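Inside the fold
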Amino acid sequence: MIIARRRALTMGGSVFAALAAPAILRAAPLQVVKMQGSARGERVWFNPLGVAIPADSTVRFVNHDPGNGHTATAYHPDNFDRVRRIPQAAAPWDSDFLLPDESFEVTFTVPGVYDYYCIPHEMAAMVGRIVVGTPLDTGWEGPSTDTTDVSPEVLATLPTVEEIHARGRIEQKDGA
Amino acid sequence: MFKPMILSATLLATSATFAFAEGHAAMLQSPPGEPFVQVSDVLPLPAFIPGLGTLFVSPDTLPAGPFLAYDHDGMLSATVYMTPLDELKNGVSYDDLAVGTHEVIAVDVYYNAGHPGVDVPHAHIVLYHDAEAKARLAK
Ligand SMILES: [Cu+2]
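Residues numbered from 1 in each chain as written. Chains lettered and ligands numbered in written order. Predicted model: local features only at pLDDT ≥ 70, side-chain atom pairs only at ≥ 80, totals over all residues. Heavy atoms only, no water.

The next subject is the overall build of chain A. A count of helices and strands for chain A gives four helices and nine strands. Walking chain A from its N terminus toward its C terminus, one meets helices and strands in the order α-α-β-β-β-β-β-β-β-β-α-α-β. By the burial criterion, 43% of the 176 residues in chain A qualify as buried. Restricting the contact set of chain A to residue pairs at least 6 apart, pairs at least 24 apart contribute 70%. For chain A, the exposed area adds up to about 9100 Å²; of that, 58% sits on carbon and sulfur atoms. (Helix = DSSP H or I, 4+ residues; strand = E, 2+ residues; numbered from the N terminus. Buried < 20%, exposed > 50% of the residue type's maximum accessible area, 1.4 Å probe, protein only. Contact = heavy atoms within 4.5 Å. Areas by Shrake-Rupley, 256 points an atom, 1.4 Å probe, with all protein chains shown as cover.)

In structure tokens, the structure reads:
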């Protein structure tokens, strides 16, 4: 009896603690980023193109394109010697090729700006940006300022941090 | 991702022309045999691509092809070519490309942003071999 009650109290305590935490710390839901394409592959894109998430959130990249293979690959020297466009303290990721309906998950712990691309579709500017936390967070690293390793099309596609923070999610319906 | 295809391209380069010279009968039904490989076996693409069906290609003919496109029953339904736009612009031409079979009832030409295997913007040129081919390759 006593043991049972003690356990109940402990559980009640942790539920209370979770409710009391600030929203941005509490809400760490799973975010889904879809890889999409038009029927004949004229256009390909990540949806959302830009998304703001709290630290320790997980993003699941899912291939929703029935006719194509896609990747979600961080701009980082570990991936094909690319110039880093994720925080220095963060671990790079590469989903490798996902076939239709396959998925890959990444958990983001370091606050800052993360740019990634799709290997076969970088030339079509299939890129995305994930913003973790805010500039007020300890260890925040803002967007890369490099303009030598990516095309002008890629740079033009990436939304600004301000836009992503203002809208939360920047949807991309048809790649336009 | 291209390594498997590039390696096999070297090995198979000599036998490519024979397949077409032998006549088209072997290609009418999937699998077409050497030197063709099923694209989804060597590249991260679905086995049946909506709109194109199940593709086979002789690796040494990349990127232009011909790609032989089969329906769900393994019937040759289209011959497809893929020509990078930048290459065309730079003066590359793709001439005397072989066809899967001589009967062609319609041709579609459209833009593709890229996919594994031909990961640059290119044109798809699709020769349909019978009136129902397009419908059978749709999904
Ligand atoms: Cu892609």
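Next comes the rest of the account.
Our next topic: the packing of aromatic side chains. All names here are of chain A. Considering all chains together, one arrives at nine aromatic pairs over all chains under this definition. Aromatic pair Phe46 and Tyr116: ring centres 4.8 Å apart, planes at 70°, arrangement edge-to-face. Here Phe46 is found in strand 2 (residues 44–47), whereas its partner Tyr116 is found in strand 7 (residues 112–117), with 70 residues between them in sequence. The burial state of Phe46 is the same as that of Tyr116; both residues are buried. Here Trp93 and Tyr116 contribute two aromatic rings whose centre-to-centre distance is 5.9 Å and whose plane-to-plane angle is 50°, an arrangement assigned as tilted. Placement of Trp93 in the loop between strand 5 (73–74) and strand 6 (103–108) and of Tyr116 in strand 7 is noted, with a sequence separation of 23 residues between them. Both residues of the pair, Trp93 and Tyr116, belong to the buried class. Taken together, Phe46, Phe61, Trp93, Phe108, Tyr114 and Tyr116 form an aromatic cluster joined through their ring pairs. (Phe/Tyr/Trp six-rings, centres within 6.5 Å; stacked < 30°, edge-to-face > 60°.)

Counting residues at the interface gives 20 residues for chain B and 17 residues for chain A. In total, chain B and chain A occlude about 1400 Å² of area from one another, counting both sides; carbon and sulfur atoms represent 63% of this. On the surface where chain B and chain A come into contact, there are one salt bridge. Among the ionic pairs, Arg40 of chain A bridges to Asp108 of chain B, the shortest N-O distance being 2.6 Å. Where chain B touches chain A, the interface holds five residue pairs in polar contact (both at pLDDT 80 or more). Ranked by residue count, the leading element in the side of chain B that touches chain A is strand 5 (residues 106–112) of chain B, at four residues. Class assignment for the residues of the side of chain B that touches chain A results in 13 nonpolar, three polar and four charged. (Buried area = accessible area lost by both parts, 1.4 Å probe. Salt bridge = Lys/Arg side-chain N within 4 Å of Asp/Glu carboxyl O. Polar contact = N/O pair within 3.5 Å; in protein donor to acceptor, adjacent residues only side chain to side chain. Nonpolar A, V, L, I, M, F, W, Y, C, P; charged D, E, K, R; others polar.)

Residues and elements named next belong to chain A. Ordered in space as 2-1-4-6, the four strands form an open sheet in which the pairing is mixed. Whereas interior strands pair on both sides, the edge strands pair on one side only; in this sheet they are strand 2 and strand 6. Going from strand to strand, the sheet's axes swing by 20° on average, the running direction of each strand aside. Relative to strand 6, strand 4 (residues 57–63) runs antiparallel, the two sharing six bridges. Its bridge partner being in strand 6, Val62 is matched across the sheet by Ser103. (Pairing = 2+ DSSP bridges. Axes fitted to C-alpha atoms, helices over the stretch in contact; angles between N-to-C directions.)

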